[in-house]
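A closer look at the structure
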Amino acid sequence: MNPILVIGGTGTGTVGRQVLSRLAATGAHVRAMVRNPGAARLPTQVEVVRGDLTLPETLDGCLDGIDTVFLVWTAPAAAVAPTLERITKHARRIVYLSAPLKTAHPLFQQPNPLRAMFEQIERLIETSGLQWTFLRPGMFAANALSWWAPQIRAGDVVRWPHLAAPTAPIDERDIAAVAVRALCEDGHVGAEYVLTGPQSLSQFEQVSTIGRAIGRSLRVEEISPDEARRELLTIGPLPAVNMLLQAWAAAIGQPAHVTSTVTEITGAPAKTFLDWATDNAAEFRA
Ligand SMILES: NC(=O)c1ccc[n+]([C@@H]2O[C@H](COP(=O)([O-])OP(=O)(O)OC[C@H]3O[C@@H](n4cnc5c(N)ncnc54)[C@H](OP(=O)(O)O)[C@@H]3O)[C@@H](O)[C@H]2O)c1
């Protein structure tokens, strides 16, 4: 199998880490680009090469001999063009972890600076000559780890805005399973896969589901968007917080967008939020 480079798959990478361990299990030749090799904690079969998206000159060594790239982007916008130039020079194929930018549901259609950056990445990939596949997951189930786990570990009350807003949280393992198919099989070039969990659940129902998974009765209190904006700054920068608050507000009143793409690509049902919460229960226990 052709060598694959995973960018964004170190110890802290939610989706990329899953992609790396699944690729390693297939026996594929897999390389990880990491900023800090000492902290990467990757399977021994994975070749680790130091690189940083904000230092484009470090990419050539990571991309040397690579056929296919899995790209997770959380770096600043200034690094987008130099990075894609280098990927295009070395690789033939790319699978990019994007978002449902084209899905006509209000949750996904709020203007924001991050969206402009994702659109720029897609435009550069589409015009690069690379064979591409875009993964477009909705809300990650794993967001619950930074959003709610600290409050749940500290007590039985979760304070949160827009509790009625429904989303269809997707398990990062399902995103990774689709990514591995797109990286290793033919037939995915030019595809844009909108990936969601199997159920529309309000944020209130999601917190209650975690309570069920850990055997505790949690109390959920609605707070105003302004109060939430101040508190959420501890888990993300202001543009990301504003994006979430706008998206949740706009989503209230209709069910979340749900697709069957995970099942169609992998042949297995998408994991439910209860599956995810049960498998991650330890993260919510003090
Ligand atoms: N969360 C959601 O609900 C959601 C929904 C749809 C789409 N998305 C998209 O998914 C992506 C985030 O995926 P994720 O949650 O799996 O990411 P993540 O857990 O935040 O991991 C980011 C990875 O990128 C690496 N990284 C960051 N800056 C880097 C740099 N300058 N050079 C090299 N590597 C760098 C990090 O490495 P270190 O270990 O060195 O930090 C880490 O491995 C974003 O593009 C987001 O827009 C998220």
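Notes on the structure follow. (Residues numbered from 1 in each chain as written. Predicted model: local features only at pLDDT ≥ 70, side-chain atom pairs only at ≥ 80, totals over all residues. Heavy atoms only, no water.)

**Side note on the sheet that holds strand 6 (residues 131–137)**
Whenever strands of a sheet pair, they do so through backbone hydrogen bonds, lying parallel or antiparallel. Judged by pairing direction, the sheet is parallel, and its seven strands sit side by side in the order 3-2-1-4-5-6-9 without closing on themselves. Where the open sheet ends on each side, the last strands, each with one partner, are strand 3 (47–50) and strand 9 (192–195). The average undirected angle you get between the axes of adjacent strands in this sheet is 20 degrees. (Pairing = 2+ DSSP bridges. Helix = DSSP H or I, 4+ residues; strand = E, 2+ residues; numbered from the N terminus. Axes fitted to C-alpha atoms, helices over the stretch in contact; angles between N-to-C directions.)

**A short note on helix 1 (residues 14–26)**
Along helix 1, the residues that are buried comprise V15, G16, Q18, V19, L20, L23 and A24. Taken together, the buried residues of helix 1 touch strand 1 (4–7), strand 2 (30–34), strand 4 (68–71), strand 5 (93–97) and helix 7 (172–184). Backbone geometry just after helix 1 places G27 at a positive phi near 85 degrees. (Buried < 20%, exposed > 50% of the residue type's maximum accessible area, 1.4 Å probe, protein only. Contact = heavy atoms within 4.5 Å.)

**Observations concerning the side chain of T209**
You can see T209 is positioned in helix 8 (residues 203–214). Excluding anything up to four places from it in sequence, T209 contacts F273, L274 and A277.

**Re the pairing of strand 4**
Residues of strand 4 alternate between two faces, with T68 and F70 on one and V69 and L71 on the opposite face, all of them buried. For strand 1 and strand 4, the ladder comprises four bridges, and the chain directions are parallel. Counted as the bridge partner of L5 is V69 from strand 4. Sheet analysis places strand 4 next to strand 5, joined by four bridges and oriented parallel. The partner of F70 across the bridge, within strand 5, is V95. This β-α-β element, strand 4 to helix 3 (residues 80–90) to strand 5, shows right-handed connectivity. (Right-handed = clockwise from strand over helix to strand, strands pointing away.)

**Concerning the pairing of strand 2**
The buried fraction of strand 2 amounts to five of the five residues, a majority that puts the element mostly inside the structure. Residues V30, A32 and V34 of strand 2 are buried on one face, and the alternating residues R31 and M33, pointing to the opposite face, are buried as well. With four bridges connecting them, strand 2 and strand 3 associate as parallel partners. Directly across from R31, in strand 3, lies its bridge partner E47.

**Side note on the packing of aromatic side chains**
The description of an aromatic ring pair uses the distance of the two centres, along with the angle that the planes make with each other. By the definition in use, this model includes nine aromatic pairs. An angle of 85 degrees between the planes, with centres 5.2 Å apart, marks the rings of W147 and W248 as edge-to-face. Linking W147 in helix 5 (residues 143–147) with W248 in helix 10 (residues 238–251), this pair joins segments that are 101 residues apart in sequence. Residues W147 and W248 agree in their burial class; the two are buried. The interplanar angle of 15 degrees and the centroid separation of 5.6 Å between the aromatic rings of F273 and W276 together place this pair among those described as stacked. With F273 and W276 both in helix 12 (residues 273–279), this residue pair falls three residues apart, about one helical turn. Each member of the pair, F273 as well as W276, carries the same accessibility label: buried. Taken together, the ring pairs connect W147, W148, W160 and W248 into an aromatic cluster. (Phe/Tyr/Trp six-rings, centres within 6.5 Å; stacked < 30°, edge-to-face > 60°.)

Purely geometric stuff here, so don't read any function into it on its own.
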